[in-house]
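# Geometric and topological summary
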Amino acid sequence: MEYKFSIEHVPEEKGGYNLSAYTEGTLKVVLDGVTFLNSTGILLVEFAIVLSKWIRALGHSNGMTELYYSSMDFEEEPIFALRVGKEKNYYLPEAVWSEGEALKILPEEAISAANRYLSELGTILANNHGVDLSEVVEDAIRS
């Protein structure tokens, strides 16, 4: 599993909720080399906040926790979700605009993909826009 993205817009004003509300781009979810989701206009920092909350929730639970991402920008949902599978040892992806087949995803693979996304987005925002993504995420989680 892999989250690929390209940033198309970062707001000039970066304070408050501006980064999460206006950092837009394309998000692609790839499963075993096949595109499952490819959507434009996704709020990439908003998605990073949801992933961060999900990772924290996993750390505080004794089992698997579902990921559910809907956006303030779209009525249709979920944009992307990871549902707990029947045997409760894998996830099944779900997306309102899915393009491919939902394949089983092991928890370790889902967590690794989320951490890579957060790291890659954080690096790009820091290097190109002077933004500390971890600080933005922490502020969003606290509020």
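Since this is a predicted model, take the numbers as computed values, not measurements.

Once that is clear, we can look at the nonpolar core. Residues M1, Y3, F80, L82, Y117 and L121 are the most contacted members of the largest nonpolar core, which totals 41 residues. Counting only elements with at least two residues in this core, the list comes to β1 (2-9), β2 (24-31), β3 (34-43), α2 (44-59), β4 (67-69), β5 (80-84), α3 (107-129) and α4 (133-142). A per-element tally of this core places α2 first, with 9 residues. Those residues in contact with L121, other than ones at most four positions away along the chain, are F5, I7, L44, V45, A48 and L133.

An order of β4-β5-β6 is seen for the 3 strands of this open sheet, with the pairing classed as antiparallel. The sheet terminates laterally at β4 and β6 (91-94), the two strands that pair on one side only. Looking at each pair of strands side by side, their axes are set apart by 25 degrees on average, direction ignored. Bridge count for β5 against β6 is 4 bridges, and the pairing is antiparallel.

Within this structure, the stated rule accounts for 4 salt bridges. For D139, the salt bridge identified is with R142, shortest N-O distance 2.5 Å. Remark: R142 and D139 occur in helix α4; sequence separation between them is 3 residues, near one turn of the helix. By relative accessible area, R142 is classed as exposed at 62%.

With that settled, consider the packing of α2 against α4. Contact geometry for α2 and α4: axes closest at 10 Å, N-to-C directions at 70 degrees. Between α2 and α4, the angle is such that the two are roughly perpendicular. When you trace α2 past α4, the crossing you get is right-handed. Contacts between α2 and α4 involve V45, A48, I49, S52, K53 and R56 on the former and, on the latter, L133, V136, V137, E138, A140 and I141.

Moving on to the pairing of β3. Where β2 and β3 come together, 7 bridges link them in antiparallel fashion. Within β3, the position partnered with E24 by the bridge is L43. Counted between consecutive antiparallel strands, the loop separating β2 from β3 contains 2 residues, among which D32 sits at a positive phi close to 50 degrees.

This brings us to unusual backbone geometry. Most peptide bonds take the trans form, and the phi angle of most residues other than glycine is negative. Each neighbour pair has its own omega, and for E77 with P78 the value is 0 degrees, a cis peptide bond. Mapped onto the elements of the fold, P78 is located in the loop between β4 and β5. You will see that D32, though not glycine, has its phi angle at about 50 degrees, which is positive. Under the relative-accessibility criterion, D32 is labelled exposed at 66%. The phi dihedral of K88 is positive, around 60 degrees, even though this residue is not glycine. Secondary-structure assignment places K88 in the loop between β5 and β6.

Scoring rules and cut-offs
Residue positions are given per chain, counting from 1 as you read along its sequence in written order. A pLDDT threshold of at least 70 governs which residues receive local features in this predicted model, and a stricter bar of 80 or more applies before side-chain atom pairs are shown or counted, although totals over entire chains, interfaces and linings include all residues. Calculation of side-chain values draws on the structure's entire complement of heavy atoms; hydrogens and water are dropped beforehand. Nonpolar cores are built from buried Ala, Val, Leu, Ile, Met, Phe, Trp, Tyr and Cys residues. Side-chain atoms within 4.5 Å join them into one set. Burial status follows relative accessibility: with a 1.4 Å probe on protein chains alone, a residue under 20% of its type maximum counts as buried, one over 50% as exposed, and anything between as partly exposed. Numbering of helices and strands runs from the N terminus; a helix is a DSSP stretch of H or I covering at least four residues, while a strand is a stretch of E covering at least two. We call two residues in contact whenever any of their non-hydrogen atoms come within 4.5 Å of each other. Each pair of strands is called paired provided DSSP finds at least two bridges between the two strands. Working convention: axes come from line fits to C-alpha atoms, limited for helices to the stretch in contact. Angles between N-to-C directions cover 0 to 180 degrees. Throughout this description, the term salt bridge denotes a Lys or Arg side-chain nitrogen within 4 Å of a carboxyl oxygen of Asp or Glu. Small angles under 35 degrees read as roughly parallel and large ones over 145 as roughly antiparallel, with 65 to 115 read as roughly perpendicular and the rest as oblique. Two helices cross in a left-handed way if the nearer one is turned anticlockwise from the farther one by less than a right angle. They cross in a right-handed way if the turn is clockwise.

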